[in-house]
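Structure assessment
The primary structure of each chain is shown beneath.
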Amino acid sequence: MRVSARARIVGWMLAVVGLALSVSIFATWTFLQTSLDNRVQAELENEVDKLRKYADNNRGFTNVGTLLIEYLKINSPDRHETFFTIVDGQPHRVTAIPPLVRLDTDDDLVARLATATRTVSGDVETAGGQVRYAVIPVKVTADPRPAHFVVAIFYDAHRDEIVEAVRVLGLSALAAMALAGAAGWFVAGRVLAPVRLVSQTAEQISDSSDLTRRLDVPGDDDVAALAGTFNHMLDRLERAFLVQRTFLDDAGHELRTPITVIRGHLELMGDDPADRAETLALVTDELERMNRIVDDLLTLAKAEQPGFLAVDTVELADLTVSVVAKARALGERKWRVDEVAEARVPADRQRLTQALMQLVANAVRHTKDGDLIAVGSAVRDGRVELWVRDSGPGVAPADRERIFSRFTRGAGAHDGAGLGLAIVTSIAEAHGGRVQVTEAPGGGACFVMSIPLWEVR
């Protein structure tokens, strides 16, 4: 049977509270019982001492019965206590305060007590329950008759009071447990409400695939932290699904055209060798373009995922020079290094190189042989700037924001899928930076990628 977390919490709480109260009640019972035993024993010893002191201070009595009568007049029994005397083996006098049970009327008890030759204490069962007594022999020199003074304490009457007190304590403990259970059920419900909200939200998301829902749990406790973690997980899932959907949409949009071209030419391809060679070249070119599109789309998809960057220490001067060295093979241009920054930064060297090479390839496509393409790096105002500029036609002001979107080409561009600048933007944003295009000095375009500087020492 499935037991809710709320019920388990309250159950364990009641078990712990019940155990604590049981130990407390048992300890209270033991303490009160021990205290009663000590108090009864102390009272018996006190009565023996009082009688001895009275007898020592009143040695003028010549009649033992008179001695005992006078002592009973000045010594009153406490609650649940009684005194009586025995003279010459017969009941003599009893205290004026009526006892719970008349013990002096029990002939067997009186006969047994009358045989005591020294102070003796013990227990006896009576109609009033257990009684603890002390019998004290009393002698008067002028009166040879044997006499005894008996102190009797109704032990069960005192113990009944303890039992009643413990019973009240037990009932109070049960009431406290009931209140604790009700309060615990309420508090556990309040505490676990965000957890139930997490479960309900997860179920609703599973049913509707709506990843925009979020939990609103105020506070700074563990449950609020759980809700925050759940919201963070939903953020990542939403981004992942968005990237997946965007990838599928982009792939479907861009790959449909080359697939249609390839299919159409293959359907129209004849038996002529020249026609077959021309069709094969066109199909190969389209397949290569499809391969580039897929690679670019995968790069953009990875840019949205953790682990896109492999951060290491990057020497900006070495990065700038190496990019120019690699770019020379792309075309007959006037290659130049504008400036190099003598700094080291934590970054992904491979991704920065990829971004700069995309910008360089873009510059090559928009320039002619002999035009200038320059690469540079610098540290300005606490940021690293990496740029590629050319002496081509430049970018119209109206296109300077638009060209960084996916599948967008600038004016005069006829090749490429329009993903290169989107990749550069993703790499810059992954480093916490941005990319923009301005007009280069002397004309042309200048693409600048700016990222924060955390210089490595």
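See the structure shown above.
Predicted model only: the values in this text are computed from it and were never measured.

If you tally the helices and strands in the protein, you get nine helices and twelve strands. A burial count over the protein gives 40% of its 457 residues as buried. Considering only contacts within the protein whose residues lie at least 6 apart along the sequence, 65% involve residues at least 24 apart. Accessible surface computed for the protein: about 26100 Å², of which carbon and sulfur atoms make up 54%.

Below, the discussion takes up empty space enclosed by the protein. As enumerated under the stated definition, the model contains one cavity of 30 Å³ or more in all. Volume-wise, the largest cavity comes out at about 30 Å³. Lining the largest cavity, in full, are Phe-84, Leu-103, Leu-109, Leu-113, Val-124, Val-131, Tyr-133, Val-150 and Ala-152. Secondary structure elements with two or more residues in the lining of the largest cavity: α3 (107–113), β4 (129–140) and β5 (143–154). Residue classes in the lining of the largest cavity are distributed as nine nonpolar, no polar and no charged.

Next up on the list: the sheet that holds strand β7 (residues 334–337). In a beta sheet, neighbouring strands are held together by backbone hydrogen bonds and run either parallel or antiparallel to one another. Judged by pairing direction, the sheet is mixed, and its five strands sit side by side in the order β7-β9-β10-β12-β11 without closing on themselves. Two strands lie at the open edges of the sheet, namely β7 and β11 (434–439), each paired on one side alone. In this sheet, neighbouring strand axes are inclined to one another by 15° on average, regardless of whether the strands run parallel or antiparallel. The sheet contact formed by β7 and strand β9 (residues 372–380) spans four bridges and is parallel. Across the sheet, the residue bridging to Val-337 is Val-375, located in β9. Taken strand by strand, helix α7 (residues 316–327) contacts β7, β9 and β10 (383–390), and its axis lies near 170° from that of β9.

Below, the discussion takes up helix α9 (residues 420–430). α9 sits mainly inside the fold: nine of its eleven residues count as buried. Buried within α9 are the following residues: Gly-420, Leu-421, Ala-422, Ile-423, Val-424, Thr-425, Ser-426, Ile-427 and Ala-428. Once α9 ends, the next one or two residues include Gly-432, with phi positive near 80°.

Turning our eyes to something else, we now look at the layout of surface pockets. Of the voids in this model, the second largest pocket is the one considered here, and its volume is about 250 Å³. In terms of lining residues, the second largest pocket is bounded by Arg-2, Val-3, Ser-4, Ala-5, Arg-6, Arg-8, Leu-192, Val-195, Arg-196 and Ser-199. Elements with a contribution of two residues or more to the lining of the second largest pocket: α1 (5–57) and α4 (155–208). At four residues, the largest contribution of residues to the lining of the second largest pocket is made by α4. Along the lines of polarity and charge, the residues of the lining of the second largest pocket split into four nonpolar, two polar and four charged.

Attention now moves to the sheet that holds strand β2 (residues 90–94). Across the sheet, five strands lie side by side as β2-β1-β5-β4-β3; this open sheet has antiparallel pairing. The outermost strands of the open sheet, each flanked by one partner alone, are β2 and β3 (120–126). Sheet twist, expressed as the mean angle between neighbouring strand axes with direction ignored, is 30°. Relative to β4, β3 runs antiparallel, the two being bridged by seven bridges. Note that in β4 the partner of Ser-121 across the bridge is Ala-134. Running over the sheet, α1 touches β1 (81–87), β4 and β5 and is turned about 15° from β4. Along the sheet, helix α2 (residues 64–74) contacts β1, β2, β4 and β5; its crossing angle with β5, the most-contacted strand, is approximately 25°.

A few words on the pairing of β2. Note: β1 against β2, three bridges, orientation antiparallel. Within the sheet, the bridge partner assigned to Phe-84 lies in β2 and is Val-94. Remark: two residues form the turn of the hairpin made by β1 and β2, two consecutive strands paired antiparallel; Asp-88 in that turn has positive phi of roughly 55°.

We now examine the nonpolar core. Across soluble globular proteins, nonpolar side chains have a tendency to be buried as a group. Within the largest apolar cluster, 38 residues are counted, with the highest numbers of intra-cluster contacts made by Val-360, Leu-386, Val-388, Phe-447 and Met-449. Among the elements of the structure, α7, β8 (344–347), α8 (349–365), β9, β10, α9, β11 and β12 (445–452) are those that each provide at least two residues to this core. The greatest single-element share of this core, amounting to seven residues, is contributed by α8. If sequence neighbours within four positions are ignored, Leu-386 has contacts with Leu-316, Leu-319, Leu-352, Leu-356, Gly-376, Ser-377, Phe-447, Val-448 and Met-449. Counting residues in each nonpolar core, the second largest holds 26 residues, with Ala-134, Ile-136, Val-151 and Tyr-155 among its members.

Scanning the entire structure with this criterion turns up 17 salt bridges. Across the salt bridge formed by Glu-47 and Lys-50, the nearest N and O atoms sit 3.2 Å from each other. Linking Glu-47 with Lys-50, this pair stays in helix α1, spanning three residues, or about one helical turn. We classify Glu-47 as buried; its relative accessible area is 1%.

Let us now look at the packing of α8 against α9. At a minimum axis separation of 9 Å, α8 and α9 run at an interaxial angle of 150°. Overall, the two elements α8 and α9 adopt an arrangement that is roughly antiparallel. The way α8 lies across α9 gives a crossing that is left-handed. On α9, the residues touching Arg-351, Leu-352, Gln-354, Ala-355, Gln-358 and Leu-359 of α8 are Gly-420, Leu-421, Ile-423, Val-424 and Ile-427.

So, how was this worked out
- Residues numbered from 1 in each chain as written.
- Predicted model: local features only at pLDDT ≥ 70, side-chain atom pairs only at ≥ 80, totals over all residues.
- Heavy atoms only, no water.
- Helix = DSSP H or I, 4+ residues; strand = E, 2+ residues; numbered from the N terminus.
- Buried < 20%, exposed > 50% of the residue type's maximum accessible area, 1.4 Å probe, protein only.
- Contact = heavy atoms within 4.5 Å.
- Areas by Shrake-Rupley, 256 points an atom, 1.4 Å probe, with all protein chains shown as cover.
- 1 Å grid on protein atoms, 1.4 Å probe; cavity = no way out; pocket = protein on both sides within 12 Å on 5 of 7 lines; lining within 4 Å.
- Points joined across faces, edges and corners; volume = space filled by probe spheres on them.
- Nonpolar A, V, L, I, M, F, W, Y, C, P; charged D, E, K, R; others polar.
- Pairing = 2+ DSSP bridges.
- Axes fitted to C-alpha atoms, helices over the stretch in contact; angles between N-to-C directions.
- Core = buried A, V, L, I, M, F, W, Y, C linked by side-chain atoms within 4.5 Å.
- Salt bridge = Lys/Arg side-chain N within 4 Å of Asp/Glu carboxyl O.
- Parallel < 35°, antiparallel > 145°, perpendicular 65-115°, else oblique.
- Left-handed = near helix turned anticlockwise from the far one by under 90°.

Shape descriptors only; they carry no functional weight alone.
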